[in-house]
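Residue strings, one per chain:
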Amino acid sequence: MSTYFQPQKYPATEFASTGATDEALPVVVVGAGPVGMGVALGLAQRGIPVTVLEAADQVSFGSRAICISRHSLEVAARLGFGPELEKIVLPWVGGRSFYRDEQVLHFEMAHGDHDVRGPMVNVSQSEIEQIMTDTLLAHPLITFHWSSSVAGVLRSDEDVTLDVDTAFGARRLRARWVVAADGGRSRMRELAGIRLQGNSYQGNYVIADIHWESTLPAERMVWFDPPSNPGSTIIMHQQPRDIWRIDYQLDSADDAELETQEDRIRDRITRHLDWLENDVPWTLEWHGFYRAHALALDDFTHGRILFAGDAAHLVPIFGVRGLNSGMEDAETLAWTLAAVVHGTADESLLQSYSAERRAAWQQNVDNAGKSTLIMSPGSHGYRTTRDAVLALATTRPEFGHLVNPRQSSATHAHLSPLTWPVAEGTTGVLPGDPMEDRRVRVATADGSVQSSLNRVRGTGFAVLGVGVDPAGARMIAAHASALAMALSPESVRAVVVPAPGAAVAVAGAADLTVLDDSDGALAQALGASAGECFVIRPDGLVLCRVRDLSLLGDVRDHLKTATAPALGVVPTHTETTATPDELLRENVWMGLSEALDQSDESDHEGFLTRLALLLGSQSGLREFEEALAAASHVSGKVCSGTPRHSHADA
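Here goes a summary of the coordinates provided. (Residues numbered from 1 in each chain as written. Predicted model: local features only at pLDDT ≥ 70, side-chain atom pairs only at ≥ 80, totals over all residues. Heavy atoms only, no water.)

### Focus on the sheet that holds strand 16 (residues 282-296)
Pairing between sheet strands relies on hydrogen bonds along the backbone, with the strands arranged either parallel or antiparallel.
So, point 1. Overall, mixed pairing links the eight strands, which are arranged 6-5-13-14-15-12-16-19 in an open sheet. Both edges of this open sheet fall to strand 6 (102-108) and strand 19 (313-314), since each of them pairs with a single strand only. (Pairing = 2+ DSSP bridges. Helix = DSSP H or I, 4+ residues; strand = E, 2+ residues; numbered from the N terminus.)

Below is the structure:
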């Protein structure tokens, strides 16, 4: 019996138009996908009434985005639907890639004992949306209108008027602010007369969900040129309740319309599962189709219409950045827009949202773009080098890292107008970096208790002092209290790690949370010296890091005007998890690919021969002979038709 999730349908909503003398609605959100609903939850959490318009009569059907990052789970917890979501997810930590029938990569994402959550979980987007919908419908400040599509937009300096088509006739709503979160085919974007700019990649993929009671592990599995489907690339992911997601690439010569018919999809999947020696029945539950895009608006704010998620940007799906980056959009837009609505910040704060999230899109594109060039190379040069990398990786595993999917991680805001500079040479967690959640112990009068940094700092701002004495703790608490008054109703919490031997009072300190960091693990993770203080934004990014606690008094003024102090250097990380050798191989791969694409089509072999002669003459004889032997190895031998990995070790 299938366990595939079937969304419930909702009756069309009847509502009245905004009258000429009626006060404009504070915020209307167009689109009830994860991003639109995330913005609505974040605004309602801050006391702002929100109206949500959704053209459909149910949440989306099908898995769509299934890989949810640790950071997105943190966002879900702060927005109030995390506990319900985490009940149904399937965790995973890594994956394997194969070239034909040989493994060329086994990767694990970073995770440690201090982490509150694993690096990634799988669950269908449809189920995420249902949990979010249930949360929205239960919130007294959120009004949800189903089967309501926007047909027209009229803008002024003070508000936005939306013409809405409903089952009960045309309606007109007037709002102070409109959030356009209506997806990649955004009607709001079309009505505003703006277009996404960027690149679309070659390569078409069919996606399918099947119900299959397999014993394969929950990990990301990829086959390049598998014997089951020669010339294709196949990706497999397990979801909860024995649902499996299968993505496979179509050849450029394939008729996409023909290949997306159910009988063709069943045939492709059957061939692959048979090759995996499957003898378990399966059923096709849902299927779709996609191409990879790297597109964005130049500006995410257009007067009083604010764009978020796929309506603002599209990223290649490899590395699972679409929904995860959209959840970051939602949380950042929610707190910045709330500050503007409440009058605690100027409208320039919304420009910081646009600048930050477009820069985050570029970060995602830079990483996902490399994965796309491996998964779906769109030129002769990149296809030639991709195939060469895969063949080499079967005997030279050091090349396997080039196949790594570079899984989604939280983006930074180093170049944001909000982010404070730091003293040159500062290391550790810098302003603009995401402050990861981690296990901590809270000191109480009865001893320390287990908690997490996110739970301690709450859903608003937090002022975190490390290695402080009692006087410093009192100063941090006072500054947090003053900031809370200035930013009300945004919450602000004070959290301190006492200096060794310092007796910071914990009894009755309602305005101060004291952490027990007797082993120094938190201070070490932050790279903080005694007396330093971090201000953390509601979306988990570090706003500033200061040694002089008196500077905390400047935070509210800079937030109000969306500025940062001018003294210091722009915070930036230069370290990377890649080794120098890995960076060299990546540069060689990309440089060679570009050079091949720029060389004359009739001279590819000559170009490569000249390049080999030049490089060979610069190496020792032994190294050159070893390179010749490695390059001569025939990795693409004819497969027997039986995979070299069993179900137990896949």
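Back to the write-up after that little detour.
### Concerning the nonpolar core
So, point 1. Of all hydrophobic cores here, the largest spans 100 residues; its most connected members are Phe81, Leu162 and Phe307.
So, point 2. It is helix 8 (residues 322-342) that provides the largest number of residues to this core, a total of nine residues.
So, point 3. The contact partners of Leu162, leaving out residues within four places of it in the chain, are Val28, Val30, Leu53, Val150, Gly152, Val153, Arg171, Arg172, Leu173, Val178 and Met188.
So, point 4. Formed by 38 residues, the second largest nonpolar core is a distinct cluster that contains Trp286, Met375, Ala393 and Phe399. (Core = buried A, V, L, I, M, F, W, Y, C linked by side-chain atoms within 4.5 Å. Buried < 20%, exposed > 50% of the residue type's maximum accessible area, 1.4 Å probe, protein only. Contact = heavy atoms within 4.5 Å.)

### Examining the pattern of salt bridges
So, point 1. Taken as a whole, this structure holds 33 salt bridges when the rule is applied.
So, point 2. For Glu331, the salt bridge is made with Arg78, and the minimal N-O distance between the two is 2.6 Å. Placement of Glu331 in helix 8 and of Arg78 in helix 2 (residues 70-79) is noted, with a sequence separation of 253 residues between them. Across the pair, Arg78 and Glu331 agree in class, each one buried.
So, point 3. Here Arg117 ties to Asp437 by a salt bridge, and the two come within 3.1 Å at their closest N and O atoms. (Salt bridge = Lys/Arg side-chain N within 4 Å of Asp/Glu carboxyl O.)

### Digging into empty space enclosed by the protein
A probe as big as a water molecule, rolled over the atoms, marks out the empty space that is left.
So, point 1. One pass over the full model with this rule turns up six cavities of 30 Å³ or more.
So, point 2. Taken as a whole, the largest cavity holds about 110 Å³ of empty space.
So, point 3. Around the largest cavity sit 14 residues that line it, and Trp335, Ala339, Thr344, Leu487 and Glu490 are the ones nearest its centre.
So, point 4. No other element matches helix 8, which puts four residues into the lining of the largest cavity.
So, point 5. Looking at side-chain class alone, the lining of the largest cavity contains nine nonpolar, three polar and two charged residues.
So, point 6. In this model, the second largest cavity occupies a volume close to 80 Å³.
So, point 7. Taken together, His71, Glu328, Thr332, Glu356, Arg357, Ala360, Thr411, His412, Ala413, Asp539 and Leu541 form the lining of the second largest cavity. (1 Å grid on protein atoms, 1.4 Å probe; cavity = no way out; pocket = protein on both sides within 12 Å on 5 of 7 lines; lining within 4 Å. Points joined across faces, edges and corners; volume = space filled by probe spheres on them. Nonpolar A, V, L, I, M, F, W, Y, C, P; charged D, E, K, R; others polar.)

### Here we look at unusual backbone geometry
So, point 1. At the junction of Ser488 and Pro489, the peptide bond is cis and its omega measures out at 15 degrees in the coordinates.
So, point 2. Relative to the helices and strands, Pro489 resides in the loop between helix 12 (470-487) and strand 23 (492-498).
So, point 3. One non-glycine residue, Glu277, lies in positive phi territory at about 65 degrees.
So, point 4. Tracing the sequence through the fold places Glu277 in the loop between helix 7 (262-275) and strand 16.

### Let's talk about helix 12
So, point 1. Between the first and last C-alpha of helix 12 there are 26 Å, a value that for 18 residues agrees with the 26 Å anticipated at 1.5 Å per step.
So, point 2. Of all the positions in helix 12, only Gly472, Ala473, Ile476, Ala477, Ala480, Leu483 and Leu487 are classed as buried. Projection of helix 12 onto a plane perpendicular to its axis shows the buried side chains occupying an angular sector of 135 degrees, all on one side. Opposite the buried face of helix 12, at more than 90 degrees from it, the exposed residues are Arg474 and Met485. (Expected span 1.5 Å × (residues − 1). Arc of directions from axis to C-beta.)

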